[in-house]
Amino acid sequence: MAAGRDSEDVDEVEIEAGLRSDTARAIGFSDAVFAIVITLLVLDLRVPESAPGGMLHSLLDQWPVYLAYVTSYLYVAVNWLNHKGTFHRVRCADRGLHWANLGVLFSVALLPFVTALVSRAVEKGDAFDERVAVAAYAVVGIVLSAAWLWLYHYLSRHRELLQAGVTARFFEAERIRAALGVVAYAIAGAVGWWVSVPVALVVLLLLPLFYGLTSNGSYGLLRRLRHRR
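Residues numbered from 1 in each chain as written. Predicted model: local features only at pLDDT ≥ 70, side-chain atom pairs only at ≥ 80, totals over all residues. Heavy atoms only, no water.

Quick look at the overall build of the protein
To keep things clear, this is the line we draw: For the purposes of this entry, the term helix denotes a DSSP run of H or I that reaches at least four residues, the term strand denotes a run of E that reaches at least two, and both are numbered from the N terminus. Accessibility here uses a 1.4 Å probe with only protein chains present; expressed as a share of the type maximum, an area under 20% marks a residue as buried, one over 50% as exposed, and anything in between as partly exposed. In this description, contact between two residues means that some pair of their heavy atoms is separated by no more than 4.5 Å. Residue-level accessible areas treat just the shown protein chains as cover; the underlying method is Shrake-Rupley with a 1.4 Å probe.
Along the protein, the regular secondary structure elements total ten helices and zero strands. Across the 229 residues of the protein, 40% fall into the buried class. Look at the contacts in the protein between residues 6 or more apart in sequence, and 78% of them connect residues 24 or more apart. For the protein, the computed accessible surface area is about 12800 Å², with 67% contributed by carbon and sulfur atoms.

A closer look at helix α2 (residues 24-43)
Worth spelling out the cut-off: Multiplying 1.5 Å by the helix residue count minus one yields the expected span of that helix. Picture the helix axis, draw a direction to every C-beta atom, and the arc is the one those directions span.
Here α2 spans 29 Å end to end across 20 residues, near enough to the 28 Å set by a 1.5 Å rise per residue. Taken together, the buried positions of α2 are occupied by Ala 26, Ser 30, Val 33, Phe 34, Val 37 and Leu 41. The buried side chains of α2 occupy one side of the element, clustering within an arc of 100 degrees when seen end-on. Seen from the open side of α2, the exposed residues pointing more than 90 degrees away from its buried face are Arg 25, Ile 36 and Leu 43. Contacts made by the buried residues of α2 are with α4 (63-87), α5 (95-108) and α6 (111-124).

Focus on the pattern of salt bridges
Note the following rule: One side-chain nitrogen of Lys or Arg within 4 Å of one carboxyl oxygen of Asp or Glu is enough to make a salt bridge.
One pass over the structure, following the stated rule, counts one salt bridge. A salt bridge links Arg 177 to Glu 174; the shortest N-O distance between them is 2.9 Å. Taken together, the residues span about one helical turn, with Arg 177 and Glu 174 both in helix α8 (residues 168-194) at a distance of three residues. Residue classification places Arg 177 among the buried residues on the basis of a relative accessible area of 3%.

A look at helix α7 (residues 127-157)
The test is simple: Identification of polar contacts relies on pairs of N or O atoms within 3.5 Å, with a donor-acceptor requirement for protein atoms, meaning one able to donate a hydrogen and the other able to accept it, and with residues adjacent in sequence counted only if both atoms are side-chain atoms.
Relative to the 45 Å expected for 31 residues at 1.5 Å per residue, α7 spans 45 Å between its end C-alpha atoms, a close match to the ideal helical length. Measuring from the side-chain oxygen of the N-cap residue of α7 to the backbone nitrogen of Phe 128 gives 3.2 Å; that N-cap residue is Asp 126.

A closer look at the environment of Arg 157
Summarising the element assignment, Arg 157 is placed in helix α7. The class of Arg 157 is exposed, set by a relative accessible area of 60%. Along the sequence, Arg 157 and Phe 171 sit 14 residues apart, while their C-alpha atoms lie 10.0 Å from each other.

A few points about the packing of α8 against helix α9 (residues 197-213)
The test is simple: To get an axis, a line is fitted to the C-alpha atoms, and for a helix only the part in contact is used. The angle between two axes follows their N-to-C directions and goes from 0 to 180 degrees. Roughly parallel covers angles under 35 degrees, roughly antiparallel covers those over 145, roughly perpendicular covers 65 to 115, and oblique covers all other angles. Here a crossing is called left-handed whenever its near helix is offset anticlockwise from the far helix by less than a right angle, and right-handed whenever the offset is clockwise. The classification used treats Ala, Val, Leu, Ile, Met, Phe, Trp, Tyr, Cys and Pro as nonpolar, Asp, Glu, Lys and Arg as charged, and all other residues, Gly among them, as polar.
Packing of α8 against α9 brings their axes to within 8 Å, and their N-to-C directions diverge by 165 degrees. The angle between α8 and α9 falls in the class roughly antiparallel. The interaxial crossing formed by α8 with α9 has left-handed handedness. Residues Arg 177, Leu 180, Gly 181, Ala 184, Tyr 185, Ala 188, Val 191 and Gly 192 of α8 form the contact with α9, whose own contacting residues are Val 197, Val 199, Ala 200, Val 203, Leu 204, Leu 207, Pro 208 and Tyr 211. Classifying every residue of the contact of α8 with α9 by side-chain character gives 13 nonpolar, two polar and one charged.

As for the packing of aromatic side chains
Filter applied, for reference: A pair of Phe, Tyr and Trp rings is counted when the ring centres sit within 6.5 Å of each other, with Trp represented by its six-membered ring. The angle between the planes then sorts it: under 30 degrees is stacked, over 60 is edge-to-face, the rest tilted. Put simply, a charge is over a ring when the Lys NZ or the Arg CZ is close to the ring centre, within 6 Å, and near the line of the ring normal, within 35 degrees.
Enumeration according to the criterion identifies eight aromatic pairs in this entry. Seen from their ring centres, Tyr 69 and Tyr 73 are 5.7 Å apart, and the 45 degrees between their planes marks the pair as tilted. In this pair, Tyr 69 and Tyr 73 are both assigned in helix α4, four residues apart and thus about one turn of the helix distant. In this structure Tyr 69 comes out as buried when scored by relative accessible area, which is 19%. What makes Tyr 73 partly exposed here is its relative accessible area of 36%. Its guanidinium or amino end placed over the ring of Phe 170, Arg 89 lies 3.9 Å from that ring's centre, counting from NZ or CZ.

Describing a nonpolar patch on the surface
This is how the line gets drawn: Each patch is built from residues that are more than 30% exposed by relative accessible area and take part in no salt bridge. Like charges join if they lie within 9 Å; nonpolar side chains (Val, Leu, Ile, Met, Phe, Trp, Tyr) join within 5 Å.
On the surface, a cluster of nonpolar side chains totalling about 520 Å² of accessible area is made up of Val 42, Leu 45, Met 55, Leu 59, Trp 63 and Tyr 66. Of all the elements in the fold, those that place two or more residues in the nonpolar patch are α3 (55-61) and α4.

Dropping the structure here:
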(Lines give C-alpha, C1' and ligand atoms only; values in the text may rest on other atoms or scores of the structure.)
Protein backbone atom coordinates (compact mmCIF):
# COMPACT_ATOMS: atom_id res chain seq x y z
CA MET A 1 0.00 0.00 0.00
CA ALA A 2 2.78 2.41 0.86
CA ALA A 3 4.47 1.71 -2.44
CA GLY A 4 1.17 2.34 -4.21
CA ARG A 5 0.74 5.67 -2.45
CA ASP A 6 4.32 6.64 -3.33
CA SER A 7 3.63 5.83 -6.98
CA GLU A 8 0.47 7.96 -6.96
CA ASP A 9 2.39 10.83 -5.38
CA VAL A 10 5.05 10.59 -8.06
CA ASP A 11 2.35 10.64 -10.77
CA GLU A 12 0.77 13.77 -9.27
CA VAL A 13 4.16 15.49 -9.17
CA GLU A 14 4.79 14.58 -12.80
CA ILE A 15 1.36 15.88 -13.82
CA GLU A 16 1.93 19.13 -11.94
CA ALA A 17 5.35 19.50 -13.56
CA GLY A 18 3.75 18.97 -16.96
CA LEU A 19 1.18 21.69 -16.28
CA ARG A 20 4.01 24.11 -15.53
CA SER A 21 5.20 24.08 -19.09
CA ASP A 22 7.04 26.72 -21.03
CA THR A 23 5.03 29.67 -22.27
CA ALA A 24 5.45 29.06 -26.01
CA ARG A 25 2.00 27.50 -26.51
CA ALA A 26 0.26 30.20 -24.45
CA ILE A 27 2.01 32.94 -26.42
CA GLY A 28 1.27 31.27 -29.77
CA PHE A 29 -2.41 30.83 -28.93
CA SER A 30 -2.67 34.41 -27.66
CA ASP A 31 -0.99 35.83 -30.77
CA ALA A 32 -3.51 33.93 -32.91
CA VAL A 33 -6.41 35.45 -30.97
CA PHE A 34 -4.97 38.96 -31.35
CA ALA A 35 -4.53 38.38 -35.09
CA ILE A 36 -8.14 37.21 -35.47
CA VAL A 37 -9.42 40.24 -33.54
CA ILE A 38 -7.44 42.58 -35.80
CA THR A 39 -8.89 40.83 -38.84
CA LEU A 40 -12.44 41.16 -37.54
CA LEU A 41 -11.89 44.89 -36.99
CA VAL A 42 -10.81 45.31 -40.61
CA LEU A 43 -13.95 43.55 -41.85
CA ASP A 44 -16.04 46.43 -40.53
CA LEU A 45 -14.35 48.70 -43.10
CA ARG A 46 -16.56 48.34 -46.14
CA VAL A 47 -16.82 49.98 -49.55
CA PRO A 48 -19.81 52.35 -49.40
CA GLU A 49 -22.59 52.32 -51.97
CA SER A 50 -22.64 55.58 -53.91
CA ALA A 51 -23.94 57.13 -57.08
CA PRO A 52 -21.43 57.99 -59.83
CA GLY A 53 -19.30 60.87 -58.63
CA GLY A 54 -20.44 60.50 -55.04
CA MET A 55 -17.80 58.12 -53.72
CA LEU A 56 -15.82 60.81 -51.86
CA HIS A 57 -18.93 62.02 -50.05
CA SER A 58 -19.89 58.44 -49.16
CA LEU A 59 -16.40 57.71 -47.85
CA LEU A 60 -16.44 60.85 -45.69
CA ASP A 61 -19.85 59.90 -44.32
CA GLN A 62 -18.25 56.76 -42.89
CA TRP A 63 -16.00 58.71 -40.50
CA PRO A 64 -17.49 57.02 -37.40
CA VAL A 65 -16.36 53.65 -38.78
CA TYR A 66 -12.81 54.94 -39.27
CA LEU A 67 -12.69 56.50 -35.80
CA ALA A 68 -13.96 53.31 -34.16
CA TYR A 69 -11.47 51.22 -36.16
CA VAL A 70 -8.47 53.39 -35.23
CA THR A 71 -9.48 53.45 -31.57
CA SER A 72 -9.92 49.69 -31.33
CA TYR A 73 -6.85 48.92 -33.44
CA LEU A 74 -4.71 51.01 -31.08
CA TYR A 75 -6.34 49.28 -28.11
CA VAL A 76 -5.62 45.81 -29.51
CA ALA A 77 -2.05 46.83 -30.39
CA VAL A 78 -1.44 48.11 -26.87
CA ASN A 79 -2.82 44.92 -25.37
CA TRP A 80 -0.58 42.84 -27.62
CA LEU A 81 2.45 44.89 -26.55
CA ASN A 82 1.47 44.49 -22.91
CA HIS A 83 1.01 40.76 -23.41
CA LYS A 84 4.39 40.42 -25.11
CA GLY A 85 6.14 42.46 -22.41
CA THR A 86 4.49 40.47 -19.64
CA PHE A 87 5.13 36.98 -20.96
CA HIS A 88 8.72 37.92 -21.77
CA ARG A 89 9.13 38.01 -17.99
CA VAL A 90 7.40 34.66 -17.42
CA ARG A 91 9.49 31.49 -17.20
CA CYS A 92 6.67 28.94 -17.06
CA ALA A 93 2.89 28.91 -16.79
CA ASP A 94 0.56 27.05 -14.45
CA ARG A 95 -3.20 26.50 -14.59
CA GLY A 96 -3.99 29.73 -12.75
CA LEU A 97 -1.92 31.84 -15.16
CA HIS A 98 -3.56 30.16 -18.15
CA TRP A 99 -7.01 31.07 -16.78
CA ALA A 100 -5.92 34.66 -16.16
CA ASN A 101 -4.56 34.83 -19.71
CA LEU A 102 -7.81 33.41 -21.08
CA GLY A 103 -9.65 36.15 -19.21
CA VAL A 104 -7.61 38.79 -21.03
CA LEU A 105 -8.20 37.11 -24.40
CA PHE A 106 -11.93 36.79 -23.70
CA SER A 107 -12.13 40.54 -23.15
CA VAL A 108 -10.00 41.42 -26.19
CA ALA A 109 -12.21 39.25 -28.40
CA LEU A 110 -15.23 41.45 -27.52
CA LEU A 111 -13.66 44.56 -29.08
CA PRO A 112 -14.84 43.97 -32.69
CA PHE A 113 -18.43 43.65 -31.46
CA VAL A 114 -18.49 46.89 -29.46
CA THR A 115 -16.50 48.66 -32.19
CA ALA A 116 -19.24 47.81 -34.68
CA LEU A 117 -21.87 48.97 -32.19
CA VAL A 118 -20.24 52.39 -31.82
CA SER A 119 -19.67 52.94 -35.54
CA ARG A 120 -23.23 51.90 -36.47
CA ALA A 121 -24.81 54.05 -33.77
CA VAL A 122 -22.83 57.17 -34.63
CA GLU A 123 -23.51 56.66 -38.35
CA LYS A 124 -27.27 56.49 -37.78
CA GLY A 125 -27.19 59.47 -35.42
CA ASP A 126 -29.68 58.23 -32.84
CA ALA A 127 -28.71 59.81 -29.52
CA PHE A 128 -29.94 56.95 -27.32
CA ASP A 129 -28.24 54.27 -29.42
CA GLU A 130 -25.01 56.28 -29.31
CA ARG A 131 -25.14 56.37 -25.50
CA VAL A 132 -25.82 52.64 -25.35
CA ALA A 133 -22.95 51.84 -27.74
CA VAL A 134 -20.43 54.03 -25.92
CA ALA A 135 -21.50 52.54 -22.59
CA ALA A 136 -21.05 49.02 -23.99
CA TYR A 137 -17.56 49.90 -25.25
CA ALA A 138 -16.67 51.33 -21.85
CA VAL A 139 -17.91 48.17 -20.11
CA VAL A 140 -15.62 46.03 -22.29
CA GLY A 141 -12.75 48.39 -21.42
CA ILE A 142 -13.52 47.94 -17.71
CA VAL A 143 -13.66 44.16 -18.04
CA LEU A 144 -10.40 44.07 -20.02
CA SER A 145 -8.60 46.30 -17.50
CA ALA A 146 -9.90 44.12 -14.66
CA ALA A 147 -8.62 41.01 -16.48
CA TRP A 148 -5.15 42.54 -16.72
CA LEU A 149 -5.34 43.47 -13.04
CA TRP A 150 -6.14 39.84 -12.21
CA LEU A 151 -3.24 38.58 -14.36
CA TYR A 152 -0.69 40.98 -12.85
CA HIS A 153 -1.91 40.24 -9.33
CA TYR A 154 -1.58 36.51 -9.97
CA LEU A 155 1.98 36.84 -11.25
CA SER A 156 2.94 39.06 -8.32
CA ARG A 157 1.78 36.28 -5.97
CA HIS A 158 3.53 33.48 -7.89
CA ARG A 159 7.09 34.65 -8.34
CA GLU A 160 8.22 31.09 -9.05
CA LEU A 161 6.70 31.45 -12.53
CA LEU A 162 8.89 34.45 -13.39
CA GLN A 163 12.25 34.81 -15.01
CA ALA A 164 15.18 35.43 -12.71
CA GLY A 165 15.80 39.08 -12.02
CA VAL A 166 12.23 40.30 -12.61
CA THR A 167 11.54 42.97 -10.01
CA ALA A 168 8.35 43.61 -8.09
CA ARG A 169 8.29 47.18 -9.44
CA PHE A 170 7.06 45.96 -12.82
CA PHE A 171 3.92 44.43 -11.35
CA GLU A 172 3.32 47.38 -9.04
CA ALA A 173 3.32 49.76 -12.01
CA GLU A 174 1.24 47.46 -14.22
CA ARG A 175 -1.38 46.89 -11.53
CA ILE A 176 -1.70 50.65 -11.08
CA ARG A 177 -2.13 51.09 -14.84
CA ALA A 178 -4.76 48.35 -14.95
CA ALA A 179 -6.64 49.86 -12.00
CA LEU A 180 -6.51 53.26 -13.70
CA GLY A 181 -8.01 51.63 -16.77
CA VAL A 182 -10.99 50.37 -14.76
CA VAL A 183 -11.61 53.89 -13.43
CA ALA A 184 -10.92 55.68 -16.74
CA TYR A 185 -13.25 53.50 -18.81
CA ALA A 186 -15.95 53.83 -16.16
CA ILE A 187 -15.59 57.62 -16.39
CA ALA A 188 -15.71 57.49 -20.21
CA GLY A 189 -18.90 55.44 -20.08
CA ALA A 190 -20.49 57.81 -17.57
CA VAL A 191 -19.52 60.84 -19.67
CA GLY A 192 -20.99 59.24 -22.79
CA TRP A 193 -24.23 58.32 -21.03
CA TRP A 194 -24.91 61.51 -19.08
CA VAL A 195 -22.79 64.29 -20.63
CA SER A 196 -21.58 63.99 -24.23
CA VAL A 197 -20.98 61.12 -26.62
CA PRO A 198 -18.32 63.03 -28.68
CA VAL A 199 -16.35 63.81 -25.49
CA ALA A 200 -16.54 60.15 -24.48
CA LEU A 201 -15.28 59.10 -27.93
CA VAL A 202 -12.28 61.42 -27.53
CA VAL A 203 -11.53 59.89 -24.11
CA LEU A 204 -11.81 56.38 -25.56
CA LEU A 205 -9.31 57.36 -28.29
CA LEU A 206 -6.87 58.98 -25.86
CA LEU A 207 -6.79 56.03 -23.46
CA PRO A 208 -5.05 53.62 -25.91
CA LEU A 209 -2.59 56.39 -26.77
CA PHE A 210 -1.74 56.77 -23.09
CA TYR A 211 -1.32 53.04 -22.61
CA GLY A 212 0.73 52.83 -25.77
CA LEU A 213 3.18 55.41 -24.45
CA THR A 214 3.48 53.47 -21.18
CA SER A 215 3.25 49.92 -22.53
CA ASN A 216 6.56 48.92 -20.97
CA GLY A 217 5.50 50.26 -17.58
CA SER A 218 5.20 53.85 -16.43
CA TYR A 219 8.46 53.62 -14.54
CA GLY A 220 10.20 52.63 -17.78
CA LEU A 221 8.85 55.67 -19.59
CA LEU A 222 9.98 57.99 -16.81
CA ARG A 223 13.41 56.39 -16.86
CA ARG A 224 13.75 56.98 -20.61
CA LEU A 225 12.72 60.61 -20.22
CA ARG A 226 15.33 61.14 -17.51
CA HIS A 227 18.04 59.59 -19.71
CA ARG A 228 17.18 62.00 -22.56
CA ARG A 229 17.83 64.93 -20.26
